[in-house]
Amino acid sequence: MDLATLWFVLVAVLWAGYLTLEGFDFGVGMLTRGFARDETERRVLINTIGPVWDGNEVWLITAVGATFAAFPEWYATAWSAYYLPLVLILLALIGRGLAFEYRGKGDTPRWRRRWDLVIFAGSLVPAFSWGVLLAGFTRGLPLGAGHDFAGGFADLVVPYTLLGGVVTVALSLLHGAHYVALKTVGDVRTRARVLAARLGGPVVVVVAGFLAWTVAAYAEGRAVAWTAAIAAGAVVALCTGVAATRRGREGWAFTATFTGVVAVAAALFAALYPDVLPSTLADANGLTITNASSSDYTLTVMTWVAVPVVPLVLAYQGWVYWTFRRRIGLPG
């Protein structure tokens with residue numbers, strides 16, 4: 001495997017890790033509206049992700065940074081095309097982080113309601129927008145001969161990419177419900193398990209439809225078999241999660257959904273390979289892992305830096321999850 005291919009795989013891993021870990025964060029944030037019945041339950045939900053949500057966002061910083069360093073042409077073209085959605089994502093994430101810190105600083109219900117709305121919107125907007133963006137990578141964009149974006153906003157929001165946004169929102173809600181069931185006790189735990197069981201079937205249908213569309217329309221050559229196999233694995237994992245939920249096996253349900261989200265992200269990148277951003281105007285205008293990558297020297301330096309650092313980061317984050325593994329309940 002050459003270095004460009006290796007870093008394409010690593011970038012895919014980083015995006016999959018972000019979608020999986022931040023996914024249940026987004027799901028819990030969305031569940032603070034509608035699922036939580038009162039202020040106390042909202043506080044419990046927020047406490048379940050309190051020690052980990054900011055650490056999960058490090059995966060986004062690393063994924064974007066790795067994309068920029070390993071594939072600067074991909075970064076430049078994609079980020080200029082998705083400038084407006086990315087600004088909305090950034091504002092939503094900033095507002096969400098502020099809301100986690102400031103909602104408890106005021107004593108009035110009005111103060112907390114406003115910040116609760118920011119948490120909900122700051123979870124929904126990125127969850128939807130990342131799905132649109134990643135589906136857009138797989139579908140491709142209208143690129144000119146110089147690999148520059150030659151379209152408009154209407155080229156970003158087509159039925160396939162919108163369905164990608166729906167898929168990431170649906171997966172985040174299901175993943176978040178499993179996480180709440182795993183991390184709480186009492187009535188909140190029971191209701192989260194019931195919600196996850198109700199969401200499971202519709203989510204599997206939506207994800208299966210999206211992945212079938214991906215395989216049929218956007219996977220080419222040898223990537224078809226790989227994409228189809230990974231897509232099938234994603235559906236099986238999500239179905240396993242549904243079965244585990246109905247049996248009250250919360251740990252297995254969360255693990256299965258975790259695997260399903262990783263597999264959905266992997267299927268998108270498998271369908272994309274060996275491109276990083278296809279052109280819908282002409283194949284020759286598209287960006288591939290070859291013409292979009294940095295020099296071999298740059299990739300070599302990055303590899304030597306990543307080898308010792310990445311295991312340390314993973315070990316630290318694992319330690320954080322282990323330290324805060326206990327369930328959270330309503331104050332008694």
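One can find the structure itself at the top, above this paragraph.
Notes on the structure in this doc start here.

How each quantity is defined
Residues numbered from 1 in each chain as written. Predicted model: local features only at pLDDT ≥ 70, side-chain atom pairs only at ≥ 80, totals over all residues. Heavy atoms only, no water. Helix = DSSP H or I, 4+ residues; strand = E, 2+ residues; numbered from the N terminus. Rg over C-alpha atoms; globule rule 2.2 N^0.38 Å. Buried < 20%, exposed > 50% of the residue type's maximum accessible area, 1.4 Å probe, protein only. Contact = heavy atoms within 4.5 Å. Lys, Arg positive; Asp, Glu negative; His and termini not counted. Charge placed at Lys NZ, Arg CZ, Asp CG, Glu CD. Expected span 1.5 Å × (residues − 1). Phe/Tyr/Trp six-rings, centres within 6.5 Å; stacked < 30°, edge-to-face > 60°. Lys NZ or Arg CZ within 6 Å of the ring centre and 35° of its normal. Core = buried A, V, L, I, M, F, W, Y, C linked by side-chain atoms within 4.5 Å. Salt bridge = Lys/Arg side-chain N within 4 Å of Asp/Glu carboxyl O. Axes fitted to C-alpha atoms, helices over the stretch in contact; angles between N-to-C directions. Parallel < 35°, antiparallel > 145°, perpendicular 65-115°, else oblique. Left-handed = near helix turned anticlockwise from the far one by under 90°. Nonpolar A, V, L, I, M, F, W, Y, C, P; charged D, E, K, R; others polar.

### Considering the overall build of the protein
Looking only at helices and strands, the protein has 11 helices and two strands in total. In sequence order, the protein lays out its α and β elements as α-α-α-α-α-α-α-α-α-α-β-β-α. Relative to the globule expectation of 20 Å for 332 residues, the C-alpha radius of gyration of the protein, 20 Å, shows essentially globular dimensions. Once the C-alpha set of the protein is aligned to its principal axes, its extents read approximately 65 × 40 × 40 Å. Counting only residues that meet the buried cut, the protein has 50% of its 332 residues in that class. The contacts in the protein between residues at least 6 apart in sequence include a share of 80% that link residues at least 24 apart. Of the side chains in the protein, 24 bear a positive and 20 a negative charge, and the two mean positions are spaced by 16 Å.

### Digging into helix H7 (residues 159-183)
Between its first and last C-alpha atoms H7 spans 36 Å; for 25 residues at 1.5 Å apiece the expected length is 36 Å, and the two agree. Most of H7 sits inside the fold, with 19 of its 25 residues counted as buried.

### Brief notes about the packing of aromatic side chains
Applying the stated criterion across every chain, the model contains 25 aromatic pairs. Pairing Phe71 with Trp74 gives two aromatic rings, centres 5.8 Å apart and planes at 70°, and the pair type is edge-to-face. Here Phe71 and Trp74 have matching classes, each one buried. Note on Tyr179 and Phe254: the rings are 5.8 Å apart at their centroids and 50° apart in plane angle, and the pair reads as tilted. Placement of Tyr179 in helix H7 and of Phe254 in helix H10 (residues 250-272) is noted, with a sequence separation of 75 residues between them. Each residue in the set Phe8, Phe68, Phe71, Trp74, Tyr75, Trp79, Tyr82, Phe137, Phe269 and Tyr273 is aromatic and connected to the rest through ring pairs, giving one cluster. Cation over ring: Arg191 sits above Phe35, and NZ or CZ is 4.5 Å from the ring centre. When the ring centre of Trp322 is taken as origin, the NZ or CZ atom of Arg325, which lies over that ring, is 3.9 Å away.

### Overview of the nonpolar core
Counting residues in each nonpolar core, the largest one holds 93 residues, and the members touching the most others are Trp15, Tyr18, Phe71, Trp74, Trp130 and Phe137. For this core, the leading source of residues is helix H1 (residues 3-31), giving 16 residues. Apart from the residues lying within four places of it in its own chain, the contact partners of Phe137 are Trp74, Ala78, Trp79, Tyr82, Leu272, Val276, Leu277 and Pro278.

### Structural notes on the pattern of salt bridges
For the structure shown, the criterion picks out 12 salt bridges. For Asp116, the salt bridge identified is with Arg42, shortest N-O distance 3.2 Å. Of this pair, Asp116 sits in helix H6 (residues 109-139) while Arg42 sits in helix H2 (residues 39-49), and the two are 74 residues apart along the sequence. Residue classification places Arg42 among the buried positions, given a relative accessible area of 18%. Note that Arg191 and Asp187 form a salt bridge whose closest N and O atoms lie 3.1 Å from each other.

### Some remarks on the packing of H7 against H10
Packing of H7 against H10 leaves a shortest axis separation of 9 Å and a crossing angle of 160°. It follows that H7 is roughly antiparallel to H10 by the angle criterion. Where H7 crosses over H10, the handedness of that crossing is left-handed. Together, Tyr160, Leu171, Leu174, His175, His178, Tyr179, Ala181 and Leu182 of H7 and Glu250, Gly251, Ala253, Phe254, Thr257, Phe258, Val261, Val264 and Leu268 of H10 make up the contact between the two elements. Residues that form the contact of H7 with H10 fall into these classes: 12 nonpolar, four polar and one charged.

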